[in-house]
Every structure is written in C-alpha cells, then in structure tokens.
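# Notes for the structure review
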Amino acid sequence: SYMSTISDQIDALDFVDDWGNKLRFVFFVRADQGMRQLFNSPIFLFNEYKKLFKIWQKQGHEFGWHPHFFKPDFSQETEIDNIVFDAKSTLEAFSLADWQICSVRVGYCFMHDSLMAFFKNAGLKIDSTALPGRKSDSPFFDWSRTIKHPYFPSKRDYQTPARNDSDKVGMLEIPFSVAKVKMPYDKEKGTRYLNVAFKESVFTSMLKQMENSNIIN
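To keep things clear, this report deals only with the structure shown in the data block. (Residues numbered from 1 in each chain as written. Predicted model: local features only at pLDDT ≥ 70, side-chain atom pairs only at ≥ 80, totals over all residues. Heavy atoms only, no water.)

## Thoughts on the overall build of the protein chain
- Scanning the protein chain from N- to C-terminus turns up seven helices and nine strands.
- Counting over 217 residues, the protein chain shows a buried share of 39%.
- A sequence separation of at least 24 residues applies to 51% of the contacts in the protein chain between residues at least 6 apart.
- Accessible area of the protein chain: about 13,000 Å², with a carbon and sulfur share of 51%. (Helix = DSSP H or I, 4+ residues; strand = E, 2+ residues; numbered from the N terminus. Buried < 20%, exposed > 50% of the residue type's maximum accessible area, 1.4 Å probe, protein only. Contact = heavy atoms within 4.5 Å. Areas by Shrake-Rupley, 256 points an atom, 1.4 Å probe, with all protein chains shown as cover.)

This is the structure in structure tokens:
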C-alpha cells in the first residue's frame, strides 16, 4: 500500500551526523478546516495513521502541524480573525485526540504578527514557515526581510529577530533552507527552498557545485 511504501522509506532513513548521532526528522502533516470539509475531521490524517505515526514518534521522529487557511471556496484566506478561528478549531481537535503539537509550518508561507502570537499562546514552540528573501502577492506571503538562520521573532515584526528578551514572541523560527537556483524556464537565478524531490537533477547539480562552500544556509 501507499503508506507501507512510506513506512519502508522512513525505516530506511538511518543517517548519522559527524558525531555518530542518528538524524531524526520532522514531518509536517496537513491538518486544517479544509481537511474537515473533505474528510469530516481537520486532523483526519493524524487519526487515520495514528498507530503508524506513534511508532515513528517512538523512534524519535516528530509530526508537526501543516495548516492551509482557506475560504469556503478554497481560495487563500488572509483575514487574520478568520485564520485564528480556524487554527483554534484545529488545535482543539488535536487536544481532544491527545496529540501534542509543538511545531508548525503554515501553507503558502503565510504569516502575521497576530498569528505568530496565537501560536505561542497556544503552546507551540517552533515555527518553520519562513522563506527568507521571498514575498508574493498571490498567494500572499512576505518574508522579504527575513534572515536565513534560526531566530527568535520580534513581537513587532515576525520577519526580524527580537531586539531583546522582552521583544521576543516566545517561539523559535527555523526558516526553510534556501539557495539561488535557476530552473530551465527561469531568466535568472531565484531564491528557492531546497527540495531535492522537485526537479531532482537541478538541485543535485546545484548541491554538488556548492559542496564544501558556505552558500547554503
């Protein structure tokens, strides 16, 4: 089955770092009100594959929350009050199912100061939505001022590090790893997150060129 294949692949992820520590992974799984519309539960995937996910958790892997915030017609929602309402509803479903969630990555890279504050107040510890140096009008997101390294966001501006302890939101932002990449259809190199599953040959060639350099962040 599809999940059996994924299970075999995860079991094969037996990598170690330079100090002999086994690497563990965070899998961001869709859970949102769009999933509720389709499957009658915002956390359908967590419930459907709970037994398997729990096995992987015991092996040290983590399952994070990957919400997309949509309007009823499945276009992107950008009204923050509606987004927080949807996020709260999904977190309540996690709580009722006894799922402890500490990491989040928002779909379409959307973020807002109020949403970041909500995540912190809800008990989340890590956000991994940032796409450094990128912004877009459709879908809407803005990380144009964001650095390429983990940081503690400012209460005044989620894109920038806090000035001091009192200015910290209280969450750690871990951005996507990004690099300048030129796809065959691009006129010039653009900032993209490293995803070797997308156009594998392009990213493999790029990584070989960047090996032993400090370009990757």
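## Some remarks on the environment of phenylalanine 140
- Examined against the element boundaries, phenylalanine 140 turns out to sit in strand β6 (residues 140–142).
- With 62 residues separating them along the chain, phenylalanine 140 and threonine 78 place their C-alpha atoms 7.8 Å apart.
- Ignoring sequence-local partners within four residues, the contact set of phenylalanine 140 consists of Gln76, Thr78, Tyr108 and Phe110.

## Quick notes on the packing of aromatic side chains
- In total, this model carries 19 aromatic pairs according to the counting rule given.
- Judged by centre distance (5.9 Å) and plane angle (15 degrees), the ring pair of tryptophan 56 and phenylalanine 63 falls under stacked.
- Aromatic ring contacts, followed pair by pair, group Phe25, Phe27, Phe46, Tyr49, Phe53, Trp56, Phe63, Trp65, Phe94, Trp99, Phe118 and Phe119 into a single cluster.
- In this structure, lysine 168 packs its charged tip against the face of phenylalanine 152, placed 4.6 Å from the ring centre. (Phe/Tyr/Trp six-rings, centres within 6.5 Å; stacked < 30°, edge-to-face > 60°. Lys NZ or Arg CZ within 6 Å of the ring centre and 35° of its normal.)

## What about the layout of surface pockets?
- In this structure, the second largest pocket spans a volume of roughly 520 Å³.
- In this structure, the second largest pocket is lined by 14 residues; those nearest its centre are Leu23, Arg24, Phe25, Val26 and Phe27.
- If you tally residues by element for the lining of the second largest pocket, the top one is strand β1 (residues 26–30), at three residues.
- Residues belonging to the lining of the second largest pocket are distributed by class as follows: nine nonpolar, two polar and three charged. (1 Å grid on protein atoms, 1.4 Å probe; cavity = no way out; pocket = protein on both sides within 12 Å on 5 of 7 lines; lining within 4 Å. Points joined across faces, edges and corners; volume = space filled by probe spheres on them. Nonpolar A, V, L, I, M, F, W, Y, C, P; charged D, E, K, R; others polar.)

## Details of the side chain of histidine 68
- Tracing the backbone through its elements, the reader meets histidine 68 in the loop between β2 (62–66) and α5 (80–96).
- Within polar-contact distance, the side chain of histidine 68 engages the side chain of histidine 66 at 3.2 Å.
- If near-sequence neighbours (up to four positions away) are discounted, histidine 68 is found in contact with Arg30, Asp32, Gly107 and Tyr108. (Polar contact = N/O pair within 3.5 Å; in protein donor to acceptor, adjacent residues only side chain to side chain.)

## Let's talk about the nonpolar core
- Counting residues in each nonpolar core, the largest one holds 38 residues, and the members touching the most others are Phe46, Trp65, Phe94, Leu115, Phe119 and Trp143.
- Looking at this core, the elements that each hand over two or more residues are α4 (50–58), β2, α5 and α6 (113–121).
- When residues of this core are assigned to their parent elements, the largest contribution, six residues, is made by α5. (Core = buried A, V, L, I, M, F, W, Y, C linked by side-chain atoms within 4.5 Å.)

## Observations regarding α5
- The terminal C-alpha atoms of α5, which comprises 17 residues, lie 24 Å apart, in line with the 24 Å expected from a rise of 1.5 Å per residue.
- Here α5 has its buried residues at Ile80, Ile83, Asp86, Ala87, Ser89, Thr90, Leu91, Ala93 and Phe94.
- Structurally, α5 contributes buried residues whose contacts are with α2 (33–39), α3 (44–48), β2 and α6. (Expected span 1.5 Å × (residues − 1).)

## Some words on the environment of serine 136
- Mapping serine 136 onto the fold places it in strand β5 (residues 135–137).
- Sequence separation of serine 136 and tyrosine 108 is 28 residues, and the distance between their C-alpha atoms is 9.5 Å.
- For serine 136, the side chain forms a polar contact with the main-chain nitrogen of serine 138, separated by 3.2 Å.

## Things to note about a nonpolar patch on the surface
- A grouping of Leu38, Phe39 and Phe74 is seen on the molecular surface, where their side chains present a nonpolar patch of about 290 Å² in accessible area.
- Take phenylalanine 39: it is sitting in helix α2.
- Residue phenylalanine 39 is classed as partly exposed on the basis of its relative accessible area of 38%. (Patch = residues over 30% accessible without salt bridge, like charges linked within 9 Å, V, L, I, M, F, W, Y side chains within 5 Å. Salt bridge = Lys/Arg side-chain N within 4 Å of Asp/Glu carboxyl O.)

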